[in-house]
Structures are given as structure tokens and as C-alpha cells.
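# Working through the structure, step by step
Given next are the chains, with one letter for each unit.
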Amino acid sequence: VLDLRNNGGGWVQSAQETIGRFVPADSGPALWEDFDPNVEGDEIEQPIISGSVNADDVPMVVLVNNGTASAAEIVAGALRDYDRATIVGETTFGKGSVQRVHEFDDGSSFRLTFAHWLTPDQNAINKIGIVPDVAVENTPPTEKGDAQLDAAIQLLSASTATPVASSSPMGR
């Protein structure tokens, strides 16, 4: 279980490296950057970056909620597009924009959005988010458990109970 709930994201390179832990680098892009949604074909492919430790053959569920944003959404979207994981939880925040921050001498700043991120299947993230395969409300954990985590464990238990012939044990 990869728990990306309330993960606000971070560096795109870290997302590419995280994807590379679970998806072989030669599978395709980690994401696309779209510089103008009105112009088809201007998207730039960003590669998967493999690490020294790979777990590209283990069953996997990714937990998300409305606090999952930015680079964490890139990871969730790529793992689903490559049929590596089932997404469980709530629709993510929808922060799929590429921004540059310009700091001024007076301490103020200006953020310029110059591109949007797309999943490997070129699905938009910005203002849409990643919609889970299995919707489970994000409720505070209690003595009885964590509903989203319990759903993820149940999915994994069911997937490992029977052998799977493909290299992607968790379907969409």
C-alpha cells in the first residue's frame, strides 16, 4: 500500500523516481507537460527514472484523498495508467499545473503557470484530480480501523489469493 493521502507533492523528479520504483523505465513516460491545451502535439514527454531498488512485480494499492496533490497525483495517475495499482480513496486535489515562482525584493512573489501535467495516457490532472477506482470516504481512523486502509488491504488480500499471469497484478 502506497499511502499518498494528504501528500501535497513535491519535485517532479521525485515523482519520476517514485514511479521508477514500480514501473520499468522503458514502459513509457512518467508524465507529459502540456504547454498549451489548445495546441495538439506540443506536449513534452518526461521519462520514468529507475532507482537501484525496484518493486515492479508486487501487487499494489495507492491511497489518495483530496489532500493528495501535485507530484503525488502524477505518481498515482502513472501507477494507474500502467496498470500497476488500484487507486482507493477520494478524488485528489487537482493541482496539475507547472509554475515558476518569482520572488521580489519586498518579499512578495508572483506565480506564473506555464504548463499542465498529464498522466502517461495524457489524462489531465489540473482542476480534475485523479478519480479513485474504488471510492472510500476519508474518515478519521478509529479503534475500529481506517476505512480506506482497510479497503486497500482487502483488495490486496483478494489479489494475492489467486495467481495472476500478467506482469500487472492490479487492474484498473
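See the structure above.
What comes next concerns the included structure. (Residues numbered from 1 in each chain as written. Predicted model: local features only at pLDDT ≥ 70, side-chain atom pairs only at ≥ 80, totals over all residues. Heavy atoms only, no water.)

### Observations regarding the nonpolar core
Among soluble globular proteins, nonpolar side chains are generally buried collectively. Our working rule: Only buried residues count toward a nonpolar core. Its members are Ala, Val, Leu, Ile, Met, Phe, Trp, Tyr and Cys residues joined through side-chain atoms within 4.5 Å. Under the scheme applied here, a residue whose accessible area is under 20% of the maximum for its type counts as buried, over 50% as exposed, and between as partly exposed, the area being computed with a 1.4 Å probe on protein chains only. Put simply, DSSP H or I for four residues or longer makes a helix, DSSP E for two residues or longer makes a strand, and each gets a number counted from the N terminus. Any pair of residues with heavy atoms lying within 4.5 Å of one another is described as a contacting pair.
Counting 27 residues, the largest nonpolar core has L2, I19, V62 and L79 as the members making the most contacts within it. Within the residue set of this core, elements represented by two or more residues are α1 (12–22), β2 (29–34), β4 (61–64), α2 (71–81) and β7 (109–118). Sort the elements by how many residues they give to this core and α2 lands first, with 7 residues. Excluding residues that lie within four positions of it along the chain, L79 makes contacts with L2, F22, V23, M60, V62, R84 and A85. Formed by 7 residues, the second largest nonpolar core is a distinct cluster that contains V61, V88, A151 and L156.

### Regarding the packing of aromatic side chains
We count it as follows: Two aromatic rings from Phe, Tyr or Trp, using only the six-membered ring of Trp, form a pair when their centres are within 6.5 Å; if the ring planes differ by under 30 degrees the pair is stacked, by over 60 it is edge-to-face, and anything between is tilted. Placement of a charge over a ring requires the Lys NZ or Arg CZ to be within 6 Å of the ring centre, with the centre-to-atom vector within 35 degrees of the ring normal.
Applying the stated criterion across every chain, the model contains 1 aromatic pair. Seen in terms of ring centroids, F35 and F114 are 6.1 Å apart; in terms of plane orientation they differ by 25 degrees. Their pairing is stacked. One end of the pair, F35, is in the loop between β2 and β3 (44–47); the other, F114, is in strand β7, with 79 residues separating them in the sequence. Residue classification places F35 among the partly exposed residues on the basis of a relative accessible area of 34%. Classification of F114 as partly exposed rests on a relative accessible area of 22%. For the cation-ring pair, R100 lies above F114, with the distance from its terminal atom to the ring centre recorded as 4.2 Å.

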